[in-house]
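Structural overview
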Amino acid sequence: MSRSHKTRPESGTRQPSAAPSRRTGESAAAEADHTLYGLKPVLEALRSGHRPLQQITIAEGTRHERLKELLELAKAGRVPVHRAPRLALDRALPGLTHQGVIARTAASGYTDAEELLARLEPMLDGERKPLVLGLDAIEDPRNLGAILRTAECAGVDGVFIPERRAVGLTATVAKAAAGALEHIAVARVTNLVQLIERLKQMNLWVVGATGDASLNYTEWDWTSPSALFLGNENAGLHRLVQERCDALVRIPMRGRIESLNVSVAAGVILYEALRQRSEKK
C-alpha cells in the first residue's frame, strides 16, 4: 500500500544463577537477579504494588492457605503465574527456603494498556500523529532492550508486549535499553489480535514487518497514525497477527542472509518513519 492510495481492508482474512554455598552469597545473588522468594515477601509485594512483579513461579503441589490470596492478587495485578517442578525452584535458589514461591521483579513498572491507549487519542487530531510499536513474542532480553532504546530515540509514543511467551522488563532488558525505560511507556496485553482491533477502531494503521511482504517499508506513509508490529526472532509474526494487519512491509535483502536481527529491523523502519515525519514537518 503506497502513500498515494489508502483504503482500509476488511479485517480477518494471524527465564537466579548458580550461587555460592554461603547463604549470604546466595541472597545477594538473588537480589542482584531481581528475585523475591517466599510466600510472605511475594504477597507483600503484590499487596503494596510498589515493587512491580514480572512473573511468579509456584512449585507444583504447593499447598498453603494463603496461596489463594496470592493467586487472586496476581490475577488482579495481571502478573503471570507459572507452575514448575519444585526441583526447578530448588536449583534456582539452592539452600534458600523459598516455600515453593519465587517472583521476578520488573526492572521498571509497566504502563496500563488502557491508559496508554487513552494517551494516544488526543494525538489523532494533532499535527503529529501517534506512532506505536507492537512486539510479538520477543524472547531475547537484549533484543527487547535494544528495541526499546531505538524506539525511545525515534520518538515512539508507546510499546505493547504480550503478557505471556515473551520476555518482560527484566534487569537485562533495562541494561540493554541504556536508560530508555525511564522515558518510554511499555504496556502488557493479553492478546495482540484484540489490541490490533482496538488500534484500528482508533483509526491507527496497523503495519506488520515480514520478509515475504510485497511492499517495501519505504513505501508506507509513516506520517499517518501508525502501529508497527515486529515478530519473534525465529518465527516472525504469528499468522493471526499478520492477517489482522492493514499492510505488511519488508526490508529488502541483498546478501545471502535471509533476515535482519529484529532489533536492527526496528531501527531501520523506525528511522524511516522519523525521516518522513521530519521532512513533513
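Our next topic: the overall build of the protein chain. Looking only at helices and strands, the protein chain features ten helices and eleven strands. Looking at the protein chain as a whole, 49% of its 281 residues are labelled buried. Entry remark: accessible area of the protein chain is about 14,500 Å², with carbon and sulfur atoms responsible for 48%.

Below, the discussion takes up the nonpolar core. Core analysis: the biggest nonpolar cluster contains 38 residues, and Leu 133, Leu 135, Leu 148, Val 159 and Leu 230 have the highest contact counts within it. Within the residue set of this core, elements represented by two or more residues are β5 (131-135), α6 (141-153), β6 (158-162), α7 (171-177), β8 (205-209), β10 (226-230), β11 (247-250) and α10 (262-280). Ranked by size, the runner-up nonpolar core spans 24 residues in total, among them Leu 117, Leu 120, Ala 227 and Val 241.

This brings us to the sheet that holds β6. What the seven strands build is an open sheet, ordered β7-β6-β5-β10-β8-β11-β9; its pairing is parallel. On the outer flanks of this sheet lie β7 (186-189) and β9 (215-216), each paired with one strand and no other. The pairing of β9 with β11 spans two bridges and is parallel. Counterpart to Leu 215 in the pairing with β11 is Val 249. In the packing of α6 onto the sheet, contacts are made with β5, β6 and β7, and the angle to β5 comes to roughly 175°. Those strands touched by α10 are β5, β8 and β10, and its axis lies near 165° from that of β10.

This next bit is on the pairing of β10. Of all the five residues making up β10, five are buried; the element is thus mostly covered by neighbouring parts of the structure. Residues Ser 226, Leu 228 and Leu 230 of β10 are buried on one face, and the alternating residues Ala 227 and Phe 229, pointing to the opposite face, are buried as well. For β5 and β10, the ladder comprises five bridges, and the chain directions are parallel. Across the sheet, the residue bridging to Leu 131 is Ser 226, located in β10. In the sheet, β8 pairs with β10 via four bridges, with the strands oriented parallel. Bridge pairing in β10 links Gly 208 to Phe 229.

Another aspect to go through is the pattern of salt bridges. Applying the stated criterion across every chain yields a total of eleven salt bridges. For the salt bridge of Arg 275 with Glu 272, the shortest nitrogen-to-oxygen distance reads 2.7 Å. Of this pair, Arg 275 and Glu 272 both sit in helix α10, three residues apart, which is roughly one turn of that helix. For Glu 279, the salt bridge identified is with Arg 275, shortest N-O distance 2.8 Å. Within this pair, Glu 279 and its partner Arg 275 are both found in helix α10, separated by four residues, close to a single helical turn. Given the relative accessible area of 58%, Glu 279 is considered exposed. A network of salt bridges, in which partner residues are shared, links Glu 44, Arg 47 and Glu 69.

Looking at the protein chain as a whole, the pLDDT averages 86, with 88% of positions reaching at least 70. Scored below 50 in pLDDT, residues 7-32 shows 48 contacts in the model against residues more than four places distant or in partner chains.

If you trace the four strands from one edge of the open sheet to the other, you get β1-β4-β2-β3, paired in mixed fashion. Because the sheet does not close on itself, it has two edges, and the strands there are β1 (35-37) and β3 (81-84). Across the sheet, the mean angle separating the axes of adjacent strands is 25° when strand polarity is ignored. Bridge count between strand β2 (residues 53-59) and β3: four bridges; the pairing is parallel. Each residue of the ladder has a partner; that of Ile 56, found in β3, is Val 81. Those strands touched by helix α3 (residues 67-76) are β2, β3 and β4 (101-105), and its axis lies near 150° from that of β2.

So, how was this worked out
- Counting starts from 1 at the beginning of each chain's written sequence and moves along it residue by residue.
- Selection of residues for local features in this predicted model requires a pLDDT of at least 70, selection of side-chain atom pairs for listing and counting requires 80 or more, and totals for whole chains, interfaces and linings are taken over all residues.
- Derived side-chain values reflect all non-hydrogen atoms in the structure, with water molecules and hydrogen atoms excluded from consideration.
- Only DSSP runs of H or I reaching four residues or more are called helices, and only runs of E reaching two or more are called strands; each is numbered from the N terminus.
- A simple rule labels every residue: compare its accessible area, found with a 1.4 Å probe on the protein chains alone, to the largest value its type can have, and call it buried under 20%, exposed over 50%, or partly exposed in between.
- Method for areas: the Shrake-Rupley scheme with a 1.4 Å probe, in which residue coverage is limited to the protein chains shown.
- Think of a nonpolar core as a cluster: buried Ala, Val, Leu, Ile, Met, Phe, Trp, Tyr and Cys residues, connected wherever their side-chain atoms sit within 4.5 Å.
- If DSSP finds at least two bridges between two strands, the strands pair.
- Note on contacts: a residue pair qualifies if any of its non-hydrogen atoms lie within 4.5 Å across the two residues.
- Throughout, an axis means a line fitted to C-alpha atoms (over the contacting stretch in the case of helices), and angles, computed between N-to-C directions, take values from 0 to 180 degrees.
- Whenever Lys or Arg places a side-chain nitrogen within 4 Å of a carboxyl oxygen from Asp or Glu, that contact is recorded as a salt bridge.
- Every residue gets a pLDDT, meaning the predictor's confidence in that residue, from 0 to 100.

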